[in-house]
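Residues per chain are reported as follows:
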Amino acid sequence: MTTTSATAKFVLSGCSPSSSPSTSTAPNRLLPFTNLNFKCRAFHSDHRFNRLLNFHAGYYKSPAFLCTRTATHSPSFTAAALATEASAKIIDGKSIAKDVRDEVAAEVSRMKEAIGVVPGLAVILVGDRKDSATYVRNKKKACESVGINSFEVRLPEDSPEEEVLKHIRSFNDDPAVHGILVQLPLPSHMNEKKVLDAVCIEKDVDGFHPLNIGRLAMRDREPLFVPCTPKGCLELLHRQGIAIKGKRAVVIGRSNIVGTPAAQLLQREDATVTVVHSRTTNPEEFTREADIIIAAVGKPNMVRGSWIKPGAVVIDVGINPVEDAKSSRGYRLVGDVCYEEASKIASAITPVPGGVGPMTIAMLLSNTLVSAKRIHNFK
Ligand SMILES: NC(=O)C1=CN([C@@H]2O[C@H](COP(=O)(O)OP(=O)(O)OC[C@H]3O[C@@H](n4cnc5c(N)ncnc54)[C@H](OP(=O)(O)O)[C@@H]3O)[C@@H](O)[C@H]2O)C=CC1
Ligand SMILES: Nc1nc(=O)c2c([nH]1)NC[C@@H]1CN(c3ccc(C(=O)N[C@@H](CCC(=O)O)C(=O)O)cc3)C=[N+]21
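Residues numbered from 1 in each chain as written. Chains lettered and ligands numbered in written order. Predicted model: local features only at pLDDT ≥ 70, side-chain atom pairs only at ≥ 80, totals over all residues. Heavy atoms only, no water.

Participant: So, the sheet that holds strand β3 (residues 149-155): which residues are in play, and what are the values?
Facilitator: Two strands in a sheet stick together by hydrogen bonds in their backbones, pointing the same way (parallel) or opposite ways (antiparallel). If you walk across this open sheet you meet the three strands as β3-β2-β4, and the pairing is parallel. The open sheet has two edge strands, β3 and β4 (179-182), and neither has a second partner. Taking the axes of each pair of neighbouring strands and ignoring which way they run, one obtains an average angle of 15° across the sheet. Bridge count between strand β2 (residues 120-126) and β3: seven bridges; the pairing is parallel. Within β3, the position partnered with L125 by the bridge is R154. (Pairing = 2+ DSSP bridges. Helix = DSSP H or I, 4+ residues; strand = E, 2+ residues; numbered from the N terminus. Axes fitted to C-alpha atoms, helices over the stretch in contact; angles between N-to-C directions.)

Participant: Outline the environment of A88, listing residues and values.
Facilitator: Along the chain, the position of A88 falls in the loop between α5 (75-83) and β1 (89-90). Since its relative accessible area comes to 9%, A88 is described here as buried. Along the primary structure A88 and S347 are separated by 259 residues, whereas in three dimensions their C-alpha atoms are 4.6 Å apart. With residues near it in sequence (within four places) discarded, A88 still touches S343, A346, S347, A348 and I349. (Buried < 20%, exposed > 50% of the residue type's maximum accessible area, 1.4 Å probe, protein only. Contact = heavy atoms within 4.5 Å.)

Participant: Any details on unusual backbone geometry? Residues and values, ideally.
Facilitator: For the bond from L184 to P185, the omega torsion is 0°, close enough to zero to count as cis. Along the polypeptide, P185 turns up in the loop between β4 and α9 (192-198). One non-glycine residue with positive phi stands out, namely D220, at about 60°. Position of D220 among the secondary structure elements: in the loop between α10 (210-217) and α11 (228-239). Assessed through its relative accessible area of 79%, D220 is described here as exposed.

Participant: Pulling in residues and values, what's your account of the site of ligand 2?
Facilitator: Lining the immediate environment of ligand 2, one finds 17 residues, of which V182, Q183, L184, D206 and G354 sit closest. For ligand 2, the protein covers 82% of the area, taking 680 Å² as the surface of the free molecule. Elements supplying a minimum of two residues to the shell around ligand 2: α7 (130-146), β4 and α15 (356-375). At four residues, the largest contribution of residues to the shell around ligand 2 is made by α15. Residues that form the shell around ligand 2 fall into these classes: ten nonpolar, four polar and three charged. Residues lining the shell around ligand 2 come from more than one domain, with at least three contributed by each of domain 2 (89-94 + 228-357) and domain 3 (111-226 + 361-373). (Near = heavy atom within 4 Å. Areas by Shrake-Rupley, 256 points an atom, 1.4 Å probe, with all protein chains shown as cover. Nonpolar A, V, L, I, M, F, W, Y, C, P; charged D, E, K, R; others polar. Domains from an automatic or database assignment.)

Participant: Describe the nonpolar core, and please don't skip the residues or the numbers.
Facilitator: In this structure, I91, V104, I148, L237, L266, I294 and I315 are the most contacted members of the largest nonpolar core, which totals 54 residues. Per-element tally for this core: the top contributor is α15, with nine residues. Taken domain by domain, the makeup of this core includes at least three residues from each of domain 2 (89-94 + 228-357) and domain 3 (111-226 + 361-373). Excluding its chain neighbours within four sequence positions, the residues that come into contact with I294 are C233, V250, V251, I252, A262, L266, I315 and V317. Counting 19 residues, the second-largest nonpolar core is a separate cluster that includes L155, L165, V182 and F208. (Core = buried A, V, L, I, M, F, W, Y, C linked by side-chain atoms within 4.5 Å.)

Participant: How would you explain the UniProt feature "domain: Tetrahydrofolate dehydrogenase/cyclohydrolase catalytic" (unreviewed entry) in the chain if you had to name every residue and give the values?
Facilitator: Under the present numbering, the feature "domain: Tetrahydrofolate dehydrogenase/cyclohydrolase catalytic" (unreviewed entry) in UniProt falls on residues 91-206. Measuring from the first to the last C-alpha atom of residues 91-206 gives 24 Å, for a span that is 52% helix and 16% strand. (UniProt positions renumbered as here; feature names shortened; annotations may be inferred.)

Participant: Any details on the site of ligand 1? Residues and values, ideally.
Facilitator: Every one of the 21 residues lining ligand 1 counts as a neighbour, but R254, S255, S278, I319 and T360 are closest to it. Here S278 contributes a side-chain N or O atom positioned 2.6 Å from an oxygen atom of ligand 1. Between ligand 1 and V317, the relevant distance is 3.3 Å, taken from a nitrogen atom to a main-chain nitrogen or oxygen of the residue. Starting from 930 Å² of accessible surface for ligand 1 in isolation, the protein chains cover 69%. Top element by residues in the shell around ligand 1 is α15. It accounts for three residues. For the shell around ligand 1, the class distribution of residues is nine nonpolar, ten polar and two charged. (Polar contact = N/O pair within 3.5 Å; in protein donor to acceptor, adjacent residues only side chain to side chain.)

Participant: Go over the pairing of strand β9 (residues 320-323) with me, naming the residues and quoting the values.
Facilitator: Only one face of β9 is covered, namely the one carrying N320 and V322; the face carrying P321 and E323 has none of its residues buried. Here four bridges tie β9 to strand β10 (residues 331-334), and the two strands are oriented antiparallel to one another. From the neighbouring strand, P321 faces β10, where its bridge partner is L333.

Participant: Lay out the UniProt feature "domain: Tetrahydrofolate dehydrogenase/cyclohydrolase NAD(P)-binding" (unreviewed entry) in the chain in plain terms, naming residues and giving numbers.
Facilitator: According to UniProt, the feature "domain: Tetrahydrofolate dehydrogenase/cyclohydrolase NAD(P)-binding" (unreviewed entry) maps to residues 227-374 in the numbering used here. A distance of 17 Å separates the end C-alpha atoms of residues 227-374, which is 36% helix and 19% strand.

The structure is reproduced here in structure tokens:
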């Protein structure tokens, strides 16, 4: 009887394709009960498992909720546990990004006072994509907020590639510029590889130059810059005190700018990493094994609650606009993970918006500061 009512709670979800409560998707959202029973015992008796996940006190809520489905607890325990809605710790990317920005601002002013140098970031935007224009505007505002100078070049959609290359060369030679970012995606007539190769590696604050990417992939090599989004994901884990060494991690997505460098960073920190991509059969099976999940796919709500091991940590990189008549913009942003379901199973989770996105910009500022310090040999 008790289990029936608990199950009903889970079935309600905004993550089904139709965005309405659905019975058709219910079976794949829940772990089989036998599985739950097993997990529950593990949470209570296996100290190694608890240590493995490095739980903070608050993290126990979620597994306790799952334990209500076992026959091993007294009815009063079950009722008490059911009364508490399980919820993961929300990893507040907005607030952590603010901490990072404050640290960057302090260093920017220390550097300015000591040697009179102000870090500078140059951004090149080609075309008139609304989302790209918003990101560039946000980056500019963020630079201002920490005292970094920003330089901007806006070019029309049909500009020749040579025009972009010309601006990159000019920024490469400009001593006031310490970081160069070419906003992606570029118009389809441009050769993205050629453009990204033109940014000198000393100013490649996006970390997209093949030399930086190559060094990230090699042991005993250090890239000058690590791409901002994956770096932001790792920074969130570090600042939440979530251990990585020895953990099982799954990265969903293998793009050059997010998935692949995220997997490399996790591996460099001694996680055992599996990369899931569009040709992976049964991605949920791999994902269910993970203590740490980084989802970077671009498919709204793809990762369901049933894909997640109880107590896992979920970092949702996805930024997906979905229609929403109630929003003034006509759309709202959702991640690659079904937050409503995942937050009941995971021990900690990033929201969208307000998770990885603000960290990406904070890491860009941090990379620009590091670049200026390196160029001017300022410790
Ligand atoms: N928060 C932030 O700061 C940022 C957010 N983003 C967001 O992150 C998401 C990913 O971005 P990005 O890496 O640039 O995207 P890409 O489109 O470049 O890469 C998507 C990856 O997901 C994989 N994939 C696609 N479909 C599936 C599937 N059904 N199952 C498993 N894997 C799949 C692809 O596999 P394959 O390689 O086989 O094609 C590919 O590796 C987007 O929503 C983007 O908006 C991006 C950058 C920054
Ligand atoms: N050369 C280059 N470098 C990039 O780093 C790069 C890029 N091109 N092209 C596009 C992607 C995407 N990206 C994001 C950055 C911040 C948010 C962000 O701050 N998002 C807010 C929401 C913003 C909103 O409400 O629109 C949040 O998640 O809270 C999102 C996405 C960087 N990218």
